[in-house]
Amino acid sequence: MLSVGAIIAPGFFASPAVALAAAVGAVVAVVAGAVGVFTVIRGQAFAAEGLADAGSAGGASAYLAGLPTLGGFALAGVVAAAAMELIGARRARSRELATGIVLGAGFGLSALFLYLGTTQRGTGAATVTILFGSIFALRSGDLPAVLGLGALAGTGLLVLYRPLLLASASPELAAARGLRVGRLGLAYLLALVIAVALAALSVGTILSTALMVGPAATALKLSARPGRAIALAGAIGVAAVWLGLVLAYDSYAWPPLHHGWPASFFIVALILGAYLAASAWAARGERA
């Protein structure tokens, strides 16, 4: 029987960087799982990708100005969400067009700011961190901001859970019952901005959509009940983050390079594996 020491490298539990990464990663996974379930139900994964790409521009500009990247991610996300709402009309096709425009603009600004940051500071580390994340490089000051933003998004979803769920599943029925679908959509978009910014801080802007959508899609394969799916998505996300941290920490001892693999790779790979397993289980249940 394998012992814990044979699986987890020495010093893992004593490392402050690991403890901080585990705490931040757990908060991010729970928030991303909750918002992600609504994202999957609403069919707005493309919007999450557009906000993530816009967030990369905000993170790069914040790095260039010497400011916390989380603030840059969040501020750029708010601006991008406002632009998407302003450009896009009520029709789904117009919203997709608005998302595509914001996505392209985000990529362009990201390229500019990352180039300026690399040339002025003489290092490409910021590019890797912003695009692909560096969860072991988080600062202790990031945790209060993550907790605050996570609490804001979680409280909003809890207060608006039932009307937002109805507006997400059937906007026409929600409007017929007198709900203000537009305002509910704006509230959801704000929660999505926060979740994307937190995910970008953990696994980078390019992979943030995987952390947003993957656990939620997996949970909805396992349960058709939204409340249960939210709990499952959070649990799947936390498990993927924590196991990803273990594997990334262990990888520093792997031959031949002994440099370690990025935690974001392991996290996304584990989420993909969970989704494939859930899909196979659901397909088996349908055949039965």
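Residues numbered from 1 in each chain as written. Predicted model: local features only at pLDDT ≥ 70, side-chain atom pairs only at ≥ 80, totals over all residues. Heavy atoms only, no water.

Trainee: Can you walk me through empty space enclosed by the protein in this structure?
Mentor: Using the criterion set out here, one finds 1 cavity of 30 Å³ or more in the structure. Volume-wise, the largest cavity comes out at about 40 Å³. Lining the largest cavity, in full, are Leu 51, Ala 52, Gly 55, Phe 73, Gly 77, Val 193, Val 196, Ala 197 and Ala 200. Those elements that place two or more of their residues in the lining of the largest cavity are helix H3 (45-65), helix H4 (69-87) and helix H10 (181-203). The residue makeup of the lining of the largest cavity, split by class, is 7 nonpolar, 2 polar and no charged. (1 Å grid on protein atoms, 1.4 Å probe; cavity = no way out; pocket = protein on both sides within 12 Å on 5 of 7 lines; lining within 4 Å. Points joined across faces, edges and corners; volume = space filled by probe spheres on them. Helix = DSSP H or I, 4+ residues; strand = E, 2+ residues; numbered from the N terminus. Nonpolar A, V, L, I, M, F, W, Y, C, P; charged D, E, K, R; others polar.)

Trainee: What's the story with the packing of H3 against helix H11 (residues 208-222) in this structure? I'm lost.
Mentor: Two measures define how a pair of helices packs: the angle their axes make with one another and the distance between the axes. Here H3 crosses H11 at 155°, and the two axes come no closer than 9 Å. Taken together, the axis directions place H3 and H11 in an arrangement best described as roughly antiparallel. H11 is crossed by H3, and the crossing has right-handed handedness. The segment H3 lies against H11, with Ala 45, Ala 48, Glu 49 and Ala 52 engaging Ser 208, Thr 209 and Val 213. (Axes fitted to C-alpha atoms, helices over the stretch in contact; angles between N-to-C directions. Parallel < 35°, antiparallel > 145°, perpendicular 65-115°, else oblique. Left-handed = near helix turned anticlockwise from the far one by under 90°. Contact = heavy atoms within 4.5 Å.)

Trainee: How should the side chain of Gln 44 be read in this particular structure?
Mentor: Structurally, the position occupied by Gln 44 is in the loop between helix H2 (16-42) and H3. Among the polar contacts listed, one links the side chain of Gln 44 to the side chain of Arg 42, at a separation of 2.8 Å. Setting aside chain neighbours within four positions, we find Gln 44 in contact with Thr 39 and Tyr 188. (Polar contact = N/O pair within 3.5 Å; in protein donor to acceptor, adjacent residues only side chain to side chain.)

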